[in-house]
Amino acid sequence: MDEDLKKTIDNANSNNIGFIKTNEKPTIGLTSEQKVILNRKGNVFFNQGNIEQARRIFLATGYSDGLSRVADKYMEKNKELDALKLYLLAHNKRKSEPLLEKIAKVVSIIIEKDK
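Now for a look at the structure at hand. Remember, it's a predicted structure, so these values are computed and weren't measured experimentally.

Conventions we followed
- Here, residues in each chain are numbered from 1, in the same order as that chain's written sequence.
- For this predicted model, a pLDDT threshold of at least 70 governs which residues receive local features, and a threshold of 80 or more governs which side-chain atom pairs are given and counted, while totals over whole chains, interfaces and linings are taken from all residues.
- Just so you know, side-chain values use all the structure's heavy atoms and leave hydrogens and water out.
- The helix count covers DSSP runs of H or I at least four residues long, the strand count covers runs of E at least two residues long, and both are numbered beginning at the N terminus.
- Burial classification: accessible surface area is computed with a 1.4 Å probe over protein chains only, and a residue below 20% of its type maximum counts as buried, one above 50% as exposed, and the rest as partly exposed.
- Throughout, a contact is declared for two residues whenever any of their heavy atoms are within 4.5 Å.
- Nine residue types can take part in a nonpolar core, namely buried Ala, Val, Leu, Ile, Met, Phe, Trp, Tyr and Cys, and a core is a set of them joined through side-chain atoms within 4.5 Å.
- Whenever a carboxyl oxygen of Asp or Glu lies within 4 Å of a side-chain nitrogen of Lys or Arg, that contact is scored as a salt bridge.

### Side note on the overall build of the protein
No. 1: Along its length, the protein carries six helices and zero strands.
No. 2: Among the 115 residues that make up the protein, the fraction classed as buried is 31%.
No. 3: Taking contacts inside the protein between residues at least 6 apart in sequence as the whole, the part at least 24 apart equals 41%.

### Details of the nonpolar core
No. 1: Counting residues in hydrophobic clusters, the biggest one holds 20 residues, and the most contacted among them are Phe58, Leu67, Val70, Tyr74 and Leu86.
No. 2: At the level of elements, α2 (32–47), α3 (51–61), α4 (64–76) and α5 (80–89) are the ones that each hand at least two residues to this core.
No. 3: When sequence neighbours within four positions are dropped, the list of residues in contact with Val70 reads Phe46, Ile51, Arg55, Phe58 and Leu86.

### Section: the pattern of salt bridges
No. 1: Using the criterion set out here, one finds five salt bridges in the structure.
No. 2: Between Lys73 and Glu76 there is a salt bridge, and its shortest N-O distance comes to 3.8 Å. Within this pair, Lys73 and its partner Glu76 are both found in helix α4, separated by three residues, close to a single helical turn.
No. 3: Look at Lys73 and you get partly exposed, because its relative accessible area is 29%.
No. 4: On the accessibility criterion, Glu76 (58% relative accessible area) is exposed.
No. 5: A salt bridge links Lys102 to Glu80; the shortest N-O distance between them is 2.8 Å. Taken as a pair, Lys102 in helix α6 (residues 93–114) and Glu80 in helix α5 lie far apart in primary sequence, 22 residues in all.
No. 6: With a relative accessible area of 41%, Lys102 lands in the partly exposed category.

Structure, rendered in C-alpha cells:
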C-alpha cells in the first residue's frame, strides 16, 4: 500500500476514540479509484480474518457494506457496542435498531431499580 495512503488512513482513524466517531464522512481526498482499491484490500484483509485492518480501511473509505460485515463479526464476539457503532456509521437500520431497543430496555430496567 502506498505510504501516503497509509498515513491518510491512519490519520483518519486516529480521531476515532471512544464510542462516538468524530467524523462520519469518509476520508477527504480519496478518489473513487483509490476507494475501490482500498475496499478491495479491505475485503482481502476481512477474508483473511484481519478484521481490525479491514475496519480501518472501511472507516476511511466509508464503505457501508464492509462496515456492516465487520459489525457482524463483532456481534459474533459479543461486542455489541462496537457492532452498534459500525452499524450506525453504515446506516444499517435493520441491524442497529434491535441493538438500540436492547439498550433502551437495559436503561429502563436500571432506572426502575433506582426508584
